[in-house]
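Below are the chains, spelled out letter by letter.
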Amino acid sequence: MLHLTDIQLQDNKTFLAMINHVLNVDGFYFSTTYDLTHTLQRLSNTSPEFQEMSLLERADQRFVWNGHLLREFSAQPEVHRFALPVLHGFITMHSCSINGKYFDWILISRRSCFRAGVRYYVRGIDSEGHAANFVETEQIVHYNGSRASFVQTRGSIPVFWSQRPNLKYKPQPLINKVANHMDGFQRHFDSQVIIYGKQVIINLVNQKGSEKPLEQAFATMVSSLASGMIRYVAFDFHKECKNMRWDRLSILLDQVAEIQDELSYFLVDSAGMVVTSQEGVFRSNCMDCLDRTNVIQSLLARRSLQAQLQRLGVLHVGQKLEEQNEFEKIYKNAWADNANACAKQYAGTGALKTDFTRTGKRTQLGLLMDGWNSMIRYYKNNFSDGFRQDSIDLFLGNYSVDELESHSPLSVPRDLKFLALPIIMVVAFSMCIICLLMAGDTWTETLAYVLFWGVASIGTFFIILYNGKDFVDAPRLVQKEKMD
């Protein structure tokens with residue numbers, strides 16, 4: 001590095017910090033023997049030539065997070081055995097017992113590395129039809145040589161929209177008025193149908209307020225596409241379950257029960273013969289594709305698991321999974337852990353509503369924890385997600401470092417007000433508190449000081465809020481137009 005300038009040396013330290021930041025995030029998995037990037041059903045429908053390929057060659061590129069780092073190894077077949085595809089998401093495996101019958105229960109969530117990033121900075125779809133925060137979740141059962149699986153997907157609302165942080169608690173979602181939404185929408189679902197078959201969309205966003213235009217746009221796109229392979233189900237999660245009436249989720253489950261039976265699940269017997277195949281997937285989403293989405297996915301997965309275990313003979317006729325207390329505890333905690341993993345990787349904190357996933361009930365403590373996580377999300381989304389987004393783009397190769405570039409991409413000049421106004425607000429608020437604590441005999445004078453500093457702090461706060469986008473930590477390595 002002797003030839004690098006002082007600025008380049010400083011940038012190099014930042015780039016290394018970005019790579020380390022990504023590698024220190026929980027949720028990276030690899031296997032030396034099993035192809036983690038494909039579902040059981042996809043693996044069962046392959047040729048002998050495919051089976052002879054190395055794990056790197058045959059991996060589903062959507063889920064290979066170290067693909068950019070392995071680009072030079074990919075061109076050298078003789079070193080493929082040293083280059084393993086790495087998955088990002090969540091995996092848990094449990095040995096379970098019901099009615100004295102032992103089986104393995106596995107949950108795998110695969111996060112796509114296409115249009116990857118953090119909450120608010122990566123929303124909607126790109127020109128190739130890749131959706132933000134796209135996750136494929138597979139639930140697997142192994143019993144007496146038989147294997148069963150049920151696959152679901154989640155992903156951002158597949159139109160061109162953004163929701164840039166601006167210090168407001170919930171920035172206004174903006175739908176791009178000039179983009180060709182149908183082109184991107186069709187690209188997205190063409191690929192989904194090819195990979196998974198039928199698509200049953202479960203849209204959980206609010207059907208009023210700021211989320212309403214997105215729900216309407218999604219419904220309009222599905223109607224305009226008029227594809228027999230796509231069904232659309234809108235369920236206003238917050239409206240239906242308000243006042244902690246989470247029992248009303250059964251309305252949605254009953255509504256899609258017949259559809260779920262049609263889609264079925266994948267099952268192969270101990271002799272390797274395919275008994276049933278999954279004909280399509282539920283594609284669930286809310287705004288972030290995290291909290292509401294995970295709750296619904298866990299309920300759909302339980303219903304499929306109930307059918308699988310009955311077919312395999314683990315559950316007796318008439319038995320319900322909900323009655324198997326020991327397994328229910330494992331099941332609920334695993335899905336809650338899955339929610340936390342996906343949420344930390346996208347939003348920066350654990351998931352909301354996990355008290356329901358873990359216990360089957362909404363609790364006051366759960367509400368308090370949701371409030372705490374929401375506050376942490378607010379801070380991270382506004383003041384540290386620019387660095388996180390840059391780190392992901394560097395790691396995945398969306399941005400390539402060029403030492404011949406004359407201008408440092410990290411040296412973005414910031415207005416004096418970026419530092420001045422927050423400092424003034426903090427000083428003003430501190431002085432306001434000090435005046436109250438040091439109040440003496442002259443209450444009139446103390447009150448005057450409090451009013452002065454109070455007005456100064458509140459006024460500064462509103463100035464910052466009004467110009468919020470000037471104070472957030474925005475990405476610097478990838479241009480805004482490319483990300484939108």
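Because the structure is a prediction, the values reported are computed rather than measured.

Thresholds, definitions, all that
- Residues numbered from 1 in each chain as written.
- Predicted model: local features only at pLDDT ≥ 70, side-chain atom pairs only at ≥ 80, totals over all residues.
- Heavy atoms only, no water.
- UniProt positions renumbered as here; feature names shortened; annotations may be inferred.
- Helix = DSSP H or I, 4+ residues; strand = E, 2+ residues; numbered from the N terminus.
- Phe/Tyr/Trp six-rings, centres within 6.5 Å; stacked < 30°, edge-to-face > 60°.
- Buried < 20%, exposed > 50% of the residue type's maximum accessible area, 1.4 Å probe, protein only.
- Salt bridge = Lys/Arg side-chain N within 4 Å of Asp/Glu carboxyl O.

Colleague: What exactly am I supposed to notice about the UniProt feature "domain: SAC" (unreviewed entry) in the chain here?
Modeller: Per the UniProt entry, the sites bearing "domain: SAC" (unreviewed entry) are residues 19–348 in this numbering. With 35% helix and 21% strand, the stretch residues 19–348 has end C-alpha atoms that lie 17 Å from each other.

Colleague: How do you make sense of the packing of aromatic side chains when you look at a structure like this?
Modeller: Two measures describe an aromatic ring pair: the distance that separates the ring centres and the angle between the ring planes. Going through the model one piece at a time under the given rule, you end up with 13 aromatic pairs. Between Phe28 and Trp65, the aromatic rings sit 6.5 Å apart at their centres with planes inclined by 70°, giving edge-to-face as the arrangement. On the criterion of sequence distance, the pair formed by Phe28 in strand β1 (residues 28–29) and Trp65 in the loop between α4 (55–58) and α5 (71–74) is long-range, its members being 37 residues apart. Note on Phe28: relative accessible area 22%, which makes it partly exposed. Classification of Trp65 as buried rests on a relative accessible area of 2%. Between Trp105 and Phe327, the ring centres sit 5.9 Å apart and the planes meet at 85°, which makes this aromatic pair edge-to-face. Here Trp105 is found in strand β3 (residues 101–111), whereas its partner Phe327 is found in helix α11 (residues 325–346), with 222 residues between them in sequence. Of the two residues examined, Trp105 and Phe327, each falls in the buried class. Within the aromatic cluster, the residues linked to one another by ring pairs are Phe103, Trp105, Phe327, Tyr331 and Trp335.

Colleague: Help me understand the pattern of salt bridges in this model?
Modeller: Pairing between side chains of opposite charge can happen when their charged atoms approach one another. Evaluation of the coordinates by the stated rule reveals 21 salt bridges. One salt bridge in this structure joins Arg58 and Asp35, with 3.1 Å as the shortest N-O distance. Placement of Arg58 in helix α4 and of Asp35 in the loop between β1 and α2 (40–44) is noted, with a sequence separation of 23 residues between them. Like Asp35, Arg58 is buried. In the salt-bridge network here, residues are joined through shared partners; they are Arg42, Asp60, Arg62, Arg110, Glu136 and Glu138.

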